[in-house]
Amino acid sequence: MSFNHVGGLDHVVVMVGDLNQAAADWGALGFTVSPRGVHSAHVGAANHTVVLENDYIELLAVLRDTQQNAPSRDFLERRGGGIERIALVTDDAAAAAEELRSAGIAASGPFAFGRPVPILGGGEVEANFRIARWPIDAAPGGLRLFVCEHLTREAVWRPELMDHVNTATSLRRILVASPTPRVDANKLAHLIGSTVVDNGHDIYVVPTGDQRAALVFSPRTSIAARYSGVQATDLPERGAAAAVVAVRDLARTADALGSTASTVNGALFVPPHRASGILLVFEEV
């Protein structure tokens, strides 16, 4: 089954306990980090974004306890930070929610909210969104899902935010640790109307859309084994563990990362404690 109003990966939400520290950490990795933005009151959160060519990374912190952010607070208590959920593209959040419900998936929404986007150099614009959510217990690999309709796309993808010293261009893959990777990959594929590719060695890939990041499920021991110095215990047993970022020029990426990075199989990576609980991998494309 495929869905007409559920598209590929739009962005990942990285929950952090200290938003100022997260912005500093990601800036030190050669990313241009947006000025701080504050969401609508019922969301009770603030963010910085790392905007890429067609997707982005959202660094999100809770400002005040609300019903909306209760799952995020639970995640922070359990994990201390990291990728909590992913957003998929939609052209119509209301239609996506109806489409999912028609397929027997108890989606909620749409919900509307906004946030001001400060402009480098002064002033601000308003970014507005509509989202719909899969049920909270429908979280393959512990990863919550929602669709995001950008009502003011130009407010998010601003040219001055998309130029990164490390030459980052897009998210390529999200690596999800799971003790039952086949089960979780099949669950995700069902929920988003995709397929599963068996790569062997207990690795299962779920594409999300053309030119969009795929989700790759495998045991955390398999993920850690690819990156020297990273221990399985540095990664969640079940949950999004790593993000693979495409870059234009790996030599310039290496200059931007400096001594924080290690090399493996023609790629660079930084350990989770350098990137808000995420193993961050850089590949030249």
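Residues numbered from 1 in each chain as written. Predicted model: local features only at pLDDT ≥ 70, side-chain atom pairs only at ≥ 80, totals over all residues. Heavy atoms only, no water.

### With respect to the pattern of salt bridges
Test applied: Criterion for a salt bridge: a side-chain nitrogen of Lys or Arg within 4 Å of a carboxyl oxygen of Asp or Glu. Each helix corresponds to a stretch of at least 4 residues labelled H or I by DSSP, and each strand to a stretch of at least 2 residues labelled E; elements are numbered beginning at the N terminus. Note on exposure labels: buried denotes an accessible area under 20% of the residue type's maximum, exposed denotes more than 50%, and partly exposed covers the range between, all computed with a 1.4 Å probe on protein chains only.
This structure, assessed with the given rule, holds ten salt bridges. As a salt-bridge pair, glutamate 149 and arginine 130 come within 3.0 Å of each other at their nearest N and O atoms. Separated by 19 residues along the polypeptide, glutamate 149 in strand 8 (residues 144–150) and arginine 130 in strand 7 (residues 124–133) bring together distant segments of the chain. Classification of glutamate 149 as buried rests on a relative accessible area of 9%. Owing to a relative accessible area of 23%, arginine 130 belongs among the partly exposed residues under this scheme. Notably, a salt bridge pairs arginine 173 with glutamate 283, separated by 2.6 Å at the nearest N-O pair. A residue pair is termed long-range when its members are at least 10 positions apart, and arginine 173 in strand 9 (residues 168–177) and glutamate 283 in strand 16 (residues 279–284) qualify at 110 residues. Given the relative accessible area of 24%, arginine 173 is considered partly exposed. A residue is classified by how much of its surface remains accessible, and glutamate 283, at 16% relative accessible area, is buried. Through salt bridges with shared partners, one network takes in Glu84, Arg85 and Arg144.

### Describing the nonpolar core
Convention followed: Think of a nonpolar core as a cluster: buried Ala, Val, Leu, Ile, Met, Phe, Trp, Tyr and Cys residues, connected wherever their side-chain atoms sit within 4.5 Å. Any two residues whose heavy atoms approach within 4.5 Å are treated as being in contact.
In terms of nonpolar packing, the biggest core is built from 60 residues, with Trp26, Trp134, Leu280 and Phe282 touching the most fellow members. At five residues, helix 5 (residues 181–192) tops the list of elements feeding residues into this core. Once you skip the residues sitting within four places of it in the chain, tryptophan 26 turns out to touch Phe31, Val33, Val50, Ile57, Leu59, Ala275, Ser276, Ile278 and Leu280. Counting 21 residues, the second largest nonpolar core, distinct from the first, contains Val117, Phe129, Ile131 and Cys148.

### Some details on the side chain of threonine 49
Mapped onto the fold, threonine 49 is located in strand 3 (residues 45–51). Filtering out sequence-adjacent residues up to four positions away, threonine 49 remains in contact with Thr32, Val33, Ser34, Tyr56, Ile57, Glu58 and Arg115.

The analysis is restricted to geometry; functional conclusions fall outside its scope.
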